[in-house]
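# Architecture and fold: a report
For reference, the chains in residue letters:
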Amino acid sequence: MSKDYTYVITRKEKLAESIYLMDIKAPRVAAHCYPGQFVILKIDEKGERIPLTICDYDRDNGIVTIVFQALGHSTKLMAEYEVGEAFRDFTGPLGKKSELIDMPREELSKKKVLFVAGGVGAAPVYPQVKWMKENGYEPDCIIGARSKDFVILEDQIRQYANNLYITTDDGSYGMKGNVNDAIRHLVQEKGKHYDIVVAIGPMIMMKFVSLLTKELNIKTIVSMNPIMVDGTGMCGACRLTVGNEIKFACVDGPEFDGHLVNFDEAMKRLSMYKTKEGKKILREKEGETHHHKDCQIHKE
Amino acid sequence: MDKLKRVPIKEQDPSVRVNNFDEVCLGYTLDEAKEEASRCIQCKNPRCVEGCPVSINIPGFINEIVKGDIEEAFNVISKYSALPAICGRVCPQETQCEERCIRGIKGEAVAIGKLERFVADWARENNIAPKPPKEKNGIKVAVIGSGPAGLTCAKDLAELGYDVTVFEALHEPGGVLVYGIPEFRLPKEEVVKPEIENLRALGVKIETNVIIGKSVTIDELMEEEGFEAVFIGSGAGLPNFMGIPGENANGVFSANEYLTRSNLMKAFDSNYDTPIITGKKVAVVGGGNVAMDAARTALRLGADVTIVYRRSEKELPARVEEVHHAKEEGIHFMFLTNPKEILVDENGWVKGMRCVKMELGEEDQSGRRRPVEVENSDFIIEVDTVIMSLGTRPNPLISSTTHGLETNRRGCIIVDEETGQTSREGVFAGGDAVTGSATVIQAMGAGKKAAKAIHEYLLAKKR
Ligand SMILES: Cc1cc2nc3c(=O)[nH]c(=O)nc-3n(C[C@H](O)[C@H](O)[C@H](O)COP(=O)(O)OP(=O)(O)OC[C@H]3O[C@@H](n4cnc5c(N)ncnc54)[C@H](O)[C@@H]3O)c2cc1C
Ligand SMILES: Cc1cc2nc3c(=O)[nH]c(=O)nc-3n(C[C@H](O)[C@H](O)[C@H](O)COP(=O)(O)OP(=O)(O)OC[C@H]3O[C@@H](n4cnc5c(N)ncnc54)[C@H](O)[C@@H]3O)c2cc1C
Ligand code: SF4
Ligand code: SF4
Ligand code: FES
Ligand SMILES: [Mg+2]
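Residues numbered from 1 in each chain as written. Chains lettered and ligands numbered in written order. Predicted model: local features only at pLDDT ≥ 70, side-chain atom pairs only at ≥ 80, totals over all residues. Heavy atoms only, no water.

## Overview of the environment of Ser-55 of chain B
Residues and elements named next belong to chain B. Relative to the helices and strands, Ser-55 is located in the loop between α3 (47–51) and α4 (58–67). With a relative accessible area of 37%, Ser-55 lands in the partly exposed category. Each C-alpha atom of the pair Ser-55 and Val-252 lies 41 Å from the other, and the pair is 197 residues apart in sequence. (Helix = DSSP H or I, 4+ residues; strand = E, 2+ residues; numbered from the N terminus. Buried < 20%, exposed > 50% of the residue type's maximum accessible area, 1.4 Å probe, protein only.)

Spelled out as structure tokens, the structure:
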């Protein structure tokens with residue numbers, strides 16, 4: 001079945017427990033994408049539209065790299081695919097390119113940029129760090145993870161980052177603590193100066209980084225990952241409150257000013273299908289026998 | 001037989017159909033179609049044709065039905081329309097062809113739409129498809145968007161021998177026909193897909209997952225990929241919201257999201273992976289076809305549904321047939337009511353909606369009486385899901401990435417009405433992207449006009 005599909009997997013690597021990297025043959029996307037943008041992947045006929053950030057691209061060979069965490073039904077199914085197999089749909093690039101890329105060179109060259117990557121957030125951070133280095137800037141980067149085993153893309157980012165700092169929650173690698181501890185350490189103890197922080201990771205992390213950088217008075221860009229359907233501005237599922245405005249993350253973002261995003265609302269919206277997703281997993285385990293109109297789960 | 005009355009058409013019983021997504025209207029049998037066709041008096045100056053935006057030779061095809069030559073009836077329709085099985089189902093016939101039918105003066109108009117649908121269904125069931133052109137001219141034309149405007153333009157150009165590629169942003173071609181209009185009004189597998197397959201049979205290429213303005217620009221298509229003309233039929237897909245408090249709560253959706261989940265992603269079918277929130281008590285805000293579709297979808301997913309509309313029943317913009325079906329199925333209507341705030345519980349979910357009563361004041365530009373709030377008339381309705389169906393706007397993706405393409409204040413592409421020519425040489429446009437939300441057949445009419453204009457433009461260019 002998957003052989004008839006267009007978007008062939010040309011490389012697959014396991015980066016950490018349940019975190020995978022894949023190269024996908026998608027020439028139109030590869031030809032036009034920039035750091036900061038994302039794609040939507042659909043596994044097969046019955047699949048969901050899954051938004052994933054572009055982690056790298058090879059324009060000459062028409063390849064786009066994605067990194068994903070096998071979390072729920074769709075991403076776990078993706079993880080079962082192997083090199084040579086293919087996905088039905090892969091579209092993009094979606095969203096705007098990173099704000100840094102469109103910033104006038106003269107302006108950006110005066111800015112000291114710190115990237116803060118949490119968990120799989122290292123994937124979207126990587127192409128931005130790479131782009132900056134290749135364009136003559138010297139960004140610093142913090143990677144935060146639960147433990148040593150979950151630090152991904154370290155070597156790749158180290159190649160391009162001026163300084164790379166690693167923190168783990170359990171102290172198994174790098175500094176013990178979370179990314180905010182690292183930011184405080186760099187700014188308050190080491191006296192480092194940053195003009196821009198780019199924070200990408202779980203929403204809760206981006207929220208707390210933004211609170212801290214507000215206190216430290218550092219401009220902060222975050223990359224929002226709300227629930228999406230089409231990714232082209234057609235449904236409004238991805239809407240967020242930014243300042244006093246409603247923004248569609250898929251077309252107005254995914255990057256926004258972290259000091260203006262209403263994270264609490266965004267996190268509530270992200271949990272909207274929790275019960276539904278739970279239901280899907282139950283169905284997989286128990287088959288359709290579970291499907292009963294009076295079932296409590298169905299009523300929720 | 002009473003010639004003043006239509007031959008009745010079979011429909012699924014309302015009490016049965018509220019539990020499924022199967023088509024409501026079951027269509028005519030051959031005998032019924034012949035009988036209904038015999039009501040047409042074959043006017044010398046058929047007024048019905050003037051009411052059809054693509055000027056189908058209506059008495060012509062009806063006459064073939066009377067004779068029992070359905071294949072020939074299909075050939076007649078195919079000269080004018082690429083999507084008869086679709087138009088026969090979703091055209092607002094009562095305000096177009098059928099409104100002008102001479103039979104309608106004393107009795108009921110001839111059921112032109114239902115007959116058109118019968119012919120198209122018969123042709124499909126008997127594997128009759130339009131034939132590919134004998135000679136191809138090899139000239140490349142790009143069509144952006146695979147809604148009715150794009151599909152029609154592509155069909156006409158392919159028949160003229162052009163090498164046509166349709167670019168579609170989504171993973172499935174069809175535009176609103178697949179993502180918006182529900183299965184129970186327009187079956188996808190049985191009706192929409194075959195009509196799109198017919199296009200492929202004509203040699204039209206369809207590239208899905210290509211977002212013009214993102215995956216590639218119009219300038220690149222013309223300068224690097226060798227397309228000599230472009231037709232933009234990108235629709236008007238951007239949803240509006242009201243801007244009231246609580247609108248970002250969990251359980252508030254645009255009709256587009258709700259319908260896309262159900263139709264395009266098939267969330268109503270538990271074999272598909274996309275989830276949908278069904279809700280127990282659903283309010284749908286708005287009164288157009290889209291609102292009816294969202295309401296009837298929510299109903300089928302098991303909810304108790306109320307349509308909240310700020311004017312009175314008389315002003316409902318939805319088709320009469322849709323309102324009638326919605327009522328039969330048990331949808332409640334709350335007229336002269338406008339939401340002011342969505343009430344949210346501590347977990348961020350909708351728990352109610354505060355509304356005000358409205359009354360109708362002076363007429364506005366559209367000739368409809370403007371609704372005004374009745375003071376101190378606030379009241380709360382208990383709902384757990386709200387679907388906003390407040391109209392849509394064109395997507396700025398294409399206009400903002402194409403050099404020299406002019407749009408108006410509302411973001412609609414500006415064109416010459418007769419040709420669809422935009423401000424950019426070689427680029428034409430039509431359908432909702434130009435007019436804002438309109439109808440399937442108007443979009444098709446625009447696609448047709450543009451195909452003709454593109455042909456003339458390319459002939460002149462080659463000379
Ligand atoms: C712009 C953007 C970029 C993203 N980039 C990456 C990436 O590079 N790597 C990565 O691993 N993940 C990324 N995500 C998140 C990824 O899309 C979700 O993890 C995935 O859709 C979950 O699907 P599932 O069926 O496996 O899990 P589910 O069980 O369906 O969901 C798990 C959780 O993920 C969230 N989620 C579910 N569906 C969606 C959806 N359609 N859009 C967004 N979030 C959803 C919800 O919080 C849900 O509770 C990105 C999301 C967005 C919007
Ligand atoms: C729920 C609903 C019910 C309706 N019911 C009726 C009805 O009963 N009768 C009736 O006559 N009309 C109805 N309409 C209106 C009718 O469907 C539209 O007027 C008609 O579909 C417009 O056709 P179009 O070809 O201009 O655009 P669309 O059908 O909107 O198609 C546009 C296509 O272009 C694609 N696209 C957009 N941007 C890009 C891009 N940048 N690159 C590539 N592709 C792109 C879109 O994904 C879409 O597939 C309804 C509309 C809705 C939403
Ligand atoms: S296309 Fe629509 S308007 Fe024209 S004849 Fe058919 S139903 Fe009537
Ligand atoms: S106006 Fe009515 S009766 Fe006359 S040709 Fe048309 S369909 Fe037939
Ligand atoms: S995902 Fe539909 S509008 Fe953003
Ligand atoms: Mg999922």
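What follows continues from the structure just given.
## Quick look at the interface of chain A and chain B
A common way to state how big an interface is: give the accessible area lost once the parts meet. Facing 46 residues of chain A, the contacting portion of chain B comprises 48 residues. Surface buried jointly by chain A and chain B totals about 4,000 Å² across both partners, of which 49% is contributed by carbon and sulfur atoms. Across the chain A-chain B interface, the total number found is three salt bridges. Linking Arg-28 of chain A and Glu-207 of chain B is a salt bridge whose minimum nitrogen-to-oxygen distance equals 2.9 Å. At the surface where chain A touches chain B, the tally comes to 23 residue pairs in polar contact (both at pLDDT 80 or more). For the side of chain A that touches chain B, the secondary structure elements donating two or more residues are α1 (27–32), β7 (89–94), β14 (239–242), β15 (245–248), α10 (263–270) and α11 (274–286) of chain A. Grouping the constituent residues of the side of chain A that touches chain B by class yields 14 nonpolar, 12 polar and 20 charged. (Contact = heavy atoms within 4.5 Å. Buried area = accessible area lost by both parts, 1.4 Å probe. Salt bridge = Lys/Arg side-chain N within 4 Å of Asp/Glu carboxyl O. Polar contact = N/O pair within 3.5 Å; in protein donor to acceptor, adjacent residues only side chain to side chain. Nonpolar A, V, L, I, M, F, W, Y, C, P; charged D, E, K, R; others polar.)

## Some details on the UniProt feature "binding site: FAD" (unreviewed entry) in chain A
Residues and elements named next belong to chain A. Sites flagged by UniProt as "binding site: FAD" (unreviewed entry) map to Val-67, Phe-68 and Gln-69. Among all residues touching Val-67, those that are not within four sequence positions of it are Leu-15, Ile-19, Tyr-20, Leu-21, Cys-55, Val-120, Ala-123 and Ile-152. Look at Phe-68 and you get buried, because its relative accessible area is 1%. (UniProt positions renumbered as here; feature names shortened; annotations may be inferred.)

## Regarding the pattern of salt bridges
For the structure shown, the criterion picks out 56 salt bridges over all chains. For Glu-154 of chain A, the salt bridge goes to Arg-158 of chain A, with nearest N and O atoms at 2.5 Å. Within this pair, Glu-154 of chain A and its partner Arg-158 of chain A are both found in helix α6 (residues 154–160), separated by four residues, close to a single helical turn. Among the salt bridges present, the one from Asp-264 of chain A reaches Lys-207 of chain A, with a minimum N-O distance of 2.8 Å. Within this pair, whereas Asp-264 of chain A is found in helix α10, its partner Lys-207 of chain A is found in helix α8 (residues 203–216), the two being separated by 57 residues in sequence. Connected through salt bridges with shared partners, the residues Arg-17, Arg-185, Asp-293, Arg-296, Arg-300, Glu-322, Glu-328 and Glu-329 of chain B form a single ionic network.

## Some details on the packing of helix α2 (residues 30–37) of chain B against α4 of chain B
The description of two helices packed together rests on the angle between their axes and the distance between the axes. All names here are of chain B. One way to put it is that α2 packs onto α4 with a least axis distance of 8 Å and a crossing angle of 125°. When the axis of α2 is compared with that of α4, the two are oblique. Read as a crossing pair, α2 and α4 show a hand that is left-handed. Note on element contacts: α4 touches α2 through Ile-62, Ile-65 and Val-66, opposite Ala-33, Lys-34 and Ala-37. (Axes fitted to C-alpha atoms, helices over the stretch in contact; angles between N-to-C directions. Parallel < 35°, antiparallel > 145°, perpendicular 65-115°, else oblique. Left-handed = near helix turned anticlockwise from the far one by under 90°.)

## Thoughts on the domain arrangement of chain A
Residues and elements named next belong to chain A. Here chain A is described as being made up of domain 1 (7–94) and domain 2 (99–223). Computed over C-alpha atoms, the centres of domain 1 and domain 2 are 24 Å apart. A combined buried area of about 1,200 Å² lies between domain 1 and domain 2, and 72% of that area is made up of carbon and sulfur atoms. Of all residues in domain 1, Pro-35, Cys-55 and Asp-56 give up the largest surface area on contact with domain 2, accounting jointly for 35% of the area buried on that side. Where domain 1 meets domain 2, there are one salt bridge. The residue Asp-56 makes a salt bridge to Lys-130 at a minimum N-O spacing of 3.1 Å. On the surface where domain 1 and domain 2 come into contact, there are one residue pair in polar contact (both at pLDDT 80 or more). When residues of the side of domain 1 that touches domain 2 are traced back to their parent elements, those giving at least two are β1 (7–16), β2 (19–25), β4 (50–58) and β5 (63–69). Looking at which element gives the most residues to the side of domain 1 that touches domain 2, the answer is β4, with four residues. The residue inventory of the side of domain 1 that touches domain 2, partitioned by class, reads nine nonpolar, three polar and two charged. (Domains from an automatic or database assignment.)

## Observations concerning the packing of aromatic side chains
One pass over the full model with this rule turns up 12 aromatic pairs over all chains. Centre to centre, the rings of Trp-131 of chain A and Tyr-137 of chain A are 6.1 Å apart; their planes meet at 25°, and the pair counts as stacked. For the residue pair Trp-131 of chain A and Tyr-137 of chain A, the accessibility class agrees, reading buried in each case. Relative to Phe-268 of chain B, the ring of Phe-21 of chain B lies with its centre 4.3 Å away and its plane at 20°, an arrangement referred to as stacked. Placement of Phe-21 of chain B in the loop between α1 (14–17) and β2 (25–27) and of Phe-268 of chain B in the loop between α14 (255–264) and β9 (281–285) is noted, with a sequence separation of 247 residues between them. Relative accessible area serves as the criterion here: at 10%, Phe-21 of chain B is assigned to the buried category. (Phe/Tyr/Trp six-rings, centres within 6.5 Å; stacked < 30°, edge-to-face > 60°.)

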